[in-house]
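# Topology and contacts: notes
Below are the chains, spelled out letter by letter.
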Amino acid sequence: TATVVDDDPAFGAANIVANLTGLGGGTAVNPVSYDSGTGAAVWNLGSVTCTPANGTVWVYVDATDAIGNPAAQGSDDIIADNTPPTAVTGFDAAPGHQKCDLSWTMGTDTYLDGVVVQRNANAGDYPVYPLFVAAWPTVTPYYPGTHLLGTNVYTGGATSATDAVVDRNIYYYQAFCFDIARNYGAAEVAGASADLATNYWLGDVAAAIGFWGYNGLVNDADIDKLGSQYHQAPGGSPEDEMDVGPTVHPAYGPLGLPTPDDFVGFEDLMIFAMNYGVVSARVVPLLSEPVEGQLALSLEEIGSVAAGTVELALRLEGNTGEVKGVSAVLELDGMELVSARLSDEMSTPVAQTFLWYGADQIDIAILGTDVSIGGSGEVARLTFRATSEQYGVDFASAALRGADNEQLDADLEGYELGGSIPTVFRLVQNSPNPFNPVTKVAYHVPSESRVTIRVFDVTGRLVTTLVDDVVEPGRHAAVWNGTNDAGESVGSGVYFCTMETPDYRGSHKMMLLK
């Protein structure tokens, strides 16, 4: 627009021109309208090509009356901005109770003006999410592709927002920066401008004891529901709501996305346990024995509680406070599991603990966010009934999880009972480990055989031979005092113990610390 006034009644749009070359227009363009009363001249530009594309563009207006008198040239600058901002980075969506908390880092642009956040919902199939599970991790098509698609949840200049949404679902968010000319940044292909989250706490399935519903907490009411359906396939709604594990994004995390597996078991227990109480990070000092050696799970005979029964302790060794949950599948030979209970130390009121056992399995988890087991010692007591004269129990498999549901590596040591001969060759992890300077190396021999047990350094050089003889069936142990075959003490470091027979070869890493 420009204001041009003249006393001549015949003065009009034909007497006014604008040089619009900076906007991609002509050198002398008449206005599309002129109001002689106010002197307002107006040019409409449907589209322009600016030179430069970004920066200051000048527009010049000239006017001449009917007898050739020129007005002083008028001019003004216009900010040209035709380059979109860079994409949003670091976009994060976090779950809450009937909400998602969003945060991001703005893109860059000389004339940056704000950000718009759009949202799409999952297919509305809470809580089982079959399409999501099938598509993970390729979920890009679910995000709003442009700033015009989906539901707008925020427009402005902040770097965080809360999207209050009640219906339980997985929500997909995409953010787009915009400048003063309303050029919109791209959707980041790698996902830096997008994220997804649930709008509920995984494990929040009960409003009160005995009542399904939601209260924004994971507490005893939810654990009560979990226990009533544990270790079985859910029977449909609302039992399906307990089938939340394992999670992804992040994997096995309490704030992750559920990938239901149609079974309420250990994976779900760990998610409930991490969200229980939503308390501050702490380690519960339940077990009082010293922490020695490598993390291990073992079975130890306690004695007989009745005729024909045997009681074992499930023990945690080498635990520095990292273990939050244990799931052990047992391999039973001539015996059956009758009962299981927490040890006296684990059943203290310092922290709530979930225990479940089946015919050949026991699952345990400490309830509460970032709460784990402190120390080493007895975790549970298991009672077995012998069904034959020779009997034994070993670990078929076991999973140990940390405070953030991360997988932990641990040695497993079963226990063979009733004086029976071992059924397989086995080199047992040395104990203690690390050691200084003496450690015991146990090994099992099921039938008379030549056994050779050697110690090597990290270069593969032989340090010493502990056993090289024909050995009778049974459980045996050798002792290494940290010396070589010449009787000289060796230095601190990693060593490898190997056991060889005609039918078996096993090895373990040992750590000598002086």
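Model, not experiment: these values are computed from the prediction.

Now for the overall build of the protein. Scanning the protein from N- to C-terminus turns up three helices and 37 strands. Relative to its length of 514 residues, the protein is extended, with a C-alpha radius of gyration of 37 Å against a globular reference of 24 Å. Taken along its principal axes, the extent of the C-alpha atoms in the protein is 125 × 65 × 35 Å. Considering only intrachain contacts with a sequence separation of at least 6, the fraction spanning at least 24 residues in the protein is 66%.

To continue, consider the nonpolar core. Of all hydrophobic cores here, the largest spans 34 residues; its most connected members are Phe132, Leu226, Tyr230, Phe272 and Phe354. Core analysis: the second largest hydrophobic core is formed by 32 residues, Leu299, Leu312, Val323 and Met335 among them.

Before going further, it helps to examine the pattern of salt bridges. Under the counting rule described, the total for this entry stands at 16 salt bridges. Note that Glu317 is salt-bridged to Arg315, the shortest N-O span being 2.7 Å. The partly exposed category is assigned to Glu317, whose relative accessible area is 22%. Looking at Arg315, the relative accessible area reads 9%, which means it is buried. Residue Arg454 is joined to Glu500 by a salt bridge in which the shortest nitrogen-to-oxygen separation is 3.9 Å. On the criterion of sequence distance, the pair formed by Arg454 in strand S33 (residues 449–457) and Glu500 in strand S36 (residues 493–501) is long-range, its members being 46 residues apart. When its relative accessible area of 31% is taken as the criterion, Glu500 is described as partly exposed. Each of the salt bridges in this network shares a partner with another, and the network as a whole consists of Glu300, Arg315 and Glu317.

The next point concerns helix H3 (residues 266–275). Across the ten residues of H3, ten count as buried, placing the element largely inside the fold. Residues of H3 that are buried include every one of Phe266, Glu267, Asp268, Leu269, Met270, Ile271, Phe272, Ala273, Met274 and Asn275, and no others. Those residues of H3 that are buried lie in contact with helix H2 (220–229), strand S16 (247–248), strand S21 (325–333), strand S23 (353–357), strand S24 (361–366) and strand S27 (391–401). The positive-phi residue at the C-terminal boundary of H3 is Gly277, with phi of around 75°.

Residue Pro246 is reached from Gly245 by a cis peptide bond, and omega for that bond is -5°. With respect to the secondary-structure elements, Pro246 resides in the loop between H2 and S16. Cis geometry marks the peptide bond from His249 to Pro250; its omega dihedral reads 0°. Examined against the element boundaries, Pro250 turns out to sit in the loop between S16 and strand S17 (257–258). For Tyr129, which is not glycine, the phi torsion reads 50° and is therefore positive. Within the secondary structure, Tyr129 sits in the loop between strand S9 (112–121) and helix H1 (130–135). Since its relative accessible area comes to 0%, Tyr129 is described here as buried. Phi at Arg182 takes a positive value of approximately 60°, unusual for a residue other than glycine. Tracing the backbone through its elements, the reader meets Arg182 in the loop between strand S12 (170–179) and strand S13 (194–198). Assessed through its relative accessible area of 42%, Arg182 is described here as partly exposed.

Among all positions of H2, only Ala221, Asp222, Ile223, Lys225, Leu226 and Gln229 are buried. The positive-phi residue at the C-terminal boundary of H2 is His231, with phi of around 60°.

Okay, the environment of Gly25 next. Mapped onto the elements, Gly25 comes out in the loop between strand S2 (16–19) and strand S3 (33–35). Classification of Gly25 as partly exposed rests on a relative accessible area of 34%.

Let us now look at the pairing of strand S7 (residues 89–96). Regular strands show a simple pattern: their side chains alternate between the two faces of the sheet. Strand direction decides the pairing type here: S7 and strand S8 (residues 99–105), joined by six bridges, are antiparallel. Note on S8: the bridge partner recorded for Pro95 is Cys100. Remark: two residues form the turn of the hairpin made by S7 and S8, two consecutive strands paired antiparallel; Gln98 in that turn has positive phi of roughly 60°.

Scanning the model with the defined rule gives 14 aromatic pairs in all. When the centroid spacing of 5.7 Å and the interplanar angle of 50° are considered together, the rings of Phe178 and Tyr184 count as tilted. By relative accessible area, Phe178 is classed as buried at 4%. Tyr184 sits in the partly exposed class, given a relative accessible area of 26%. Where Trp480 meets Tyr495, the ring centres are 5.5 Å apart and the plane angle is 70°; that geometry is what we call edge-to-face. With Trp480 in strand S35 (residues 474–480) and Tyr495 in strand S36, this pair connects stretches of sequence that are 15 residues apart. Here the two residues Trp480 and Tyr495 agree in accessibility, since each one is buried. A network of ring pairs unites the aromatic residues Phe91, Trp104 and Tyr154 as a single cluster.

This part takes up the sheet that holds strand S6 (residues 74–81). The three strands lie next to each other as S2-S5-S6, forming an open sheet whose pairing is antiparallel. Of all strands in the sheet, those with a lone pairing partner are S2 and S6, marking the two edges. Strand-to-strand, the axes of this sheet are offset by a mean angle of 25°, without reference to chain direction. Pairing of S2 with strand S5 (residues 54–63) involves four bridges; the strand directions are antiparallel. The partner of Ile16 across the bridge, within S5, is Ala63.

Right, let's get into the sheet that holds strand S10 (residues 151–156). Read across the open sheet, the four strands follow the order S10-S9-S12-S13; overall the sheet is antiparallel. Each having just a single partner strand, S10 and S13 make up the two edges of the open sheet. Within this sheet the neighbouring strands show an average axis-to-axis angle of 25°, counted without direction. Looking at chain direction, S9 and S12 are connected through nine bridges and run antiparallel. Bridging across to S12, Gly114 finds its partner in Phe178.

Scoring rules and cut-offs
Residues numbered from 1 in each chain as written. Predicted model: local features only at pLDDT ≥ 70, side-chain atom pairs only at ≥ 80, totals over all residues. Heavy atoms only, no water. Helix = DSSP H or I, 4+ residues; strand = E, 2+ residues; numbered from the N terminus. Rg over C-alpha atoms; globule rule 2.2 N^0.38 Å. Contact = heavy atoms within 4.5 Å. Core = buried A, V, L, I, M, F, W, Y, C linked by side-chain atoms within 4.5 Å. Buried < 20%, exposed > 50% of the residue type's maximum accessible area, 1.4 Å probe, protein only. Salt bridge = Lys/Arg side-chain N within 4 Å of Asp/Glu carboxyl O. Pairing = 2+ DSSP bridges. Phe/Tyr/Trp six-rings, centres within 6.5 Å; stacked < 30°, edge-to-face > 60°. Axes fitted to C-alpha atoms, helices over the stretch in contact; angles between N-to-C directions.

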